[in-house]
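# Structural characterization, general
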Amino acid sequence: MNRLPGRLVVGLVAAPTLGLVVFYLWPFVNLLVAAVDVESIRTTLGRDRTRSIIWFTTWQAVASTLLTIVLGLAPAWVIARYEFVGRRLLLSLLTAVFVLPTVVMGAAFLALLPDSLDRTVWAVIGAHVVFNLAVVVRTVGAVWEHLPTDMEAAASTLGASPFVVFREITLPLIRPAVTAAAAIVFLFTFTSFGVIRILGAPGTRTIEVEVWRRATQLGQVDQAAVLALLQLVVLAVVAVWSSIAARRHSRSLDLRPLSHPRRARTRRERTAIAVIAGATAIIATAPLVALLANSMSSPSGWTTSGWTGLGNAEIRPGLTLGIDPLDALVNSLRTAAWATSFATVIGAVASLGIAAAGRVGRVLDAGLMLPIGTSAVTIGFGMLITFDRAPYDWRSTWWIVPVGHALVAVPFVVRTTLSVLRSVDDDLSAAAATLGASPARAWREVVVPHLWRPLAVGSALAAAISLGEFGATSFLSRSGGETLPIAIEKLLGRTGSLLQTKGYALSVVLAAVTIALVLIVDRTGDVVGARRSGDGRGDDARR
């Protein structure tokens, strides 16, 4: 890569840098300017309602994180240490749930829970826990399966109970991984948007939802900007704390990969595996089963009207509410196609530039990761207040939503492509040049053949991200241009069993397409690891 012509390298770096500056840094600075006003800060933070929202956002995120860690450690242990029938399937199931769009998980819990728990904070926390189990299982399990077992065996031989062995030996060794997983889950739940919009009771809002409400419904742009800035500060503090805590508790160990997870040797182990794996499978599948069942049921019994009526817009006498499920599906597919194209082209160009540009490339690499560390709502809000006046009034353009989606998707294309580029031996290009090939031809013959597979994986990730994106789309979409997540939220928020059945049916469609796309990726890499590489993200980027 370092043998590319200098002008070509400059072009490869300049194009994605310009896109980052125009569509991320400029809106972000505009947002900060709108927030940095003493009067706005005093007015916003001085309200009792604001303090109540901050408190609710924090305590539900803490409760969701603690419950996710507690419930996730058992399946992490079982999957990391034991081989059993269905092990791979269970891990894939947890991953599939993790990558579902937030509106789908909200709809699934709305379908699952009894009426007494609908629209309550317990429904929200439950959805958060199930949603993020894979983070704990894969983050902690990746360390757990490599831990040497001799210390645990020695403690057991000396008479220590399993609980004592876990508390005194295992837990200190996996604590850095637990801390990392807890930080990721907290960031996801603190910035919760789609789940709250679907499952939260009227008046129940996180900071993320309140930013959207004040900016789009109340017109209080300055106060929304203050809340967005406050959220960014909290996310930065948690990220720094997680990094410091992980380093403080890290221990030098001889981590050796196990030849393979072993099979259970005793009846007690077999029982524990069956109970934990079975309970985890039920927890993960129950919401999806309920979602499918509710897409084909009504108060009067089983029906297919929710599916057969997807082509009909919701019309009432004298009033058209503008929810056309089939049109929303078409809009989502069209938006995802453009967002995937943008993300793939820009990500490929950026990857080539990063690999060839040395120190400047590393700066670009870090810059492209910034949108993942920013909530999708903040990104959409920044674009809304920036591109709302001539000559940059782009809010009504067809491409503004795909560009917003591509901002979050580009880093995933870069991550999948860059690792392959860096693994290509420069000596091969040198050998081609020695044989008389021009730098451009040597690059085309040696490097390009390695790009197609990672670009295909990055494109699948970009499509999945775009299809499920809800936060930025809530700011940028136009009436009549609703995507599937927007249509699902509107349908489930209406009264009437037919409308809600349509919402559940659309949720099933979105879940199926998303899982199919991510399974393509999961065959070649770790989806959770890819998302975790930049997650502090907003609500859906990260999902």
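The rules behind these values
- Residues numbered from 1 in each chain as written.
- Predicted model: local features only at pLDDT ≥ 70, side-chain atom pairs only at ≥ 80, totals over all residues.
- Heavy atoms only, no water.
- Axes fitted to C-alpha atoms, helices over the stretch in contact; angles between N-to-C directions.
- Helix = DSSP H or I, 4+ residues; strand = E, 2+ residues; numbered from the N terminus.
- Contact = heavy atoms within 4.5 Å.
- Buried < 20%, exposed > 50% of the residue type's maximum accessible area, 1.4 Å probe, protein only.
- Expected span 1.5 Å × (residues − 1).
- Parallel < 35°, antiparallel > 145°, perpendicular 65-115°, else oblique.
- Left-handed = near helix turned anticlockwise from the far one by under 90°.
- Nonpolar A, V, L, I, M, F, W, Y, C, P; charged D, E, K, R; others polar.
- pLDDT = per-residue confidence, 0-100.
- Salt bridge = Lys/Arg side-chain N within 4 Å of Asp/Glu carboxyl O.
- Polar contact = N/O pair within 3.5 Å; in protein donor to acceptor, adjacent residues only side chain to side chain.
- Core = buried A, V, L, I, M, F, W, Y, C linked by side-chain atoms within 4.5 Å.
- Phe/Tyr/Trp six-rings, centres within 6.5 Å; stacked < 30°, edge-to-face > 60°.
- Lys NZ or Arg CZ within 6 Å of the ring centre and 35° of its normal.

What follows deals with the packing of helix α14 (residues 325–356) against helix α15 (residues 359–369). Remark: α14 packs on α15, axes separated minimally by 7 Å, with the N-to-C direction vectors making an angle of 140°. Contacts between α14 and α15 involve Ala350, Gly353 and Ile354 from the first element and Gly361, Leu364, Asp365 and Leu368 from the second.

Position of Phe56 relative to the elements: it lies in helix α3 (residues 48–81). Judged by relative accessible area, which is 13%, Phe56 ranks as buried. On a C-alpha basis, the gap between Phe56 and Ile207 in space is 8.8 Å, while along the polypeptide they are 151 residues apart.

Quick look at α14 now. Every α-helical turn comprises 3.6 residues, leaving residues that sit three or four positions apart pointing alike. If you check α14, its first and last C-alpha atoms are 46 Å apart, about what 32 residues at 1.5 Å a residue would give, namely 46 Å. Positive backbone phi, approximately 65°, marks Gly358, located one or two places after α14.

Relative to each other, α3 and helix α12 (residues 267–294) sit at 120°, their axes nearing to 10 Å. On the basis of their axis angle, the class for α3 and α12 is oblique. When the axes of α3 and α12 are compared, the crossing they make is left-handed. Across from Ala74, Pro75, Trp77 and Val78 in α3, the residues of α12 making contact are Ile273, Ile276 and Thr280. Among the residues forming the contact of α3 with α12, the class breakdown is 6 nonpolar, 1 polar and no charged.

Attention now goes to the confidence of the model for the protein. Residues at a pLDDT of 70 or more form 83% of the protein, whose mean pLDDT is 81. Confidence over residues 315–320 falls short of pLDDT 50; this stretch has 5 contacts with residues more than four positions distant or in other chains. Low pLDDT, under 50, characterises residues 526–543; the stretch is placed with 72 contacts to residues that sit more than four places away or in other chains.

As a working rule, side chains carrying opposite charge can pair if their charged atoms are close by. Following the criterion strictly, the structure yields 10 salt bridges and no others. A salt bridge links Arg213 to Glu210, with the shortest nitrogen-to-oxygen separation between them at 3.1 Å. Of this pair, Arg213 and Glu210 are both found in helix α10 (residues 207–216), 3 residues apart, which corresponds to roughly one turn of the helix. Residues Arg214 and Glu210 are paired through a salt bridge, measuring 2.6 Å at the closest nitrogen-oxygen approach.

Turning next to the side chain of Arg81. By the element assignment, Arg81 lies in helix α3. Within the local environment of Arg81, its side chain forms a polar contact with the backbone oxygen of Trp144, the two atoms lying 3.3 Å apart.

The next point concerns the nonpolar core. Core analysis: the biggest nonpolar cluster contains 150 residues, and Val140, Leu199, Val211, Leu368, Phe381, Met383 and Phe475 have the highest contact counts within it. Counting residues per element, this core draws most heavily on helix α6 (residues 121–144), which supplies 15 residues. Other than its neighbours up to four places away in sequence, Val140 contacts Leu73, Val135, Ile174, Ala177, Val178 and Ala181.

To continue, consider the packing of aromatic side chains. Following the criterion strictly, the structure yields 19 aromatic pairs and no others. Both rings, one in Phe381 and one in Phe475, keep their centres 5.6 Å apart while their planes meet at 25°; by these two values the pair is stacked. One end of the pair, Phe381, is in helix α16 (residues 376–386); the other, Phe475, is in helix α21 (residues 471–476), and 94 residues separate them in sequence. Considered together, Phe381 and Phe475 belong to a single accessibility category, that of buried residues. A network of ring pairs unites the aromatic residues Phe23, Trp26, Phe387, Tyr392, Trp394 and Trp399 as a single cluster. Against the face of Trp212 rests Arg197, its NZ or CZ located 3.8 Å from the ring centre.

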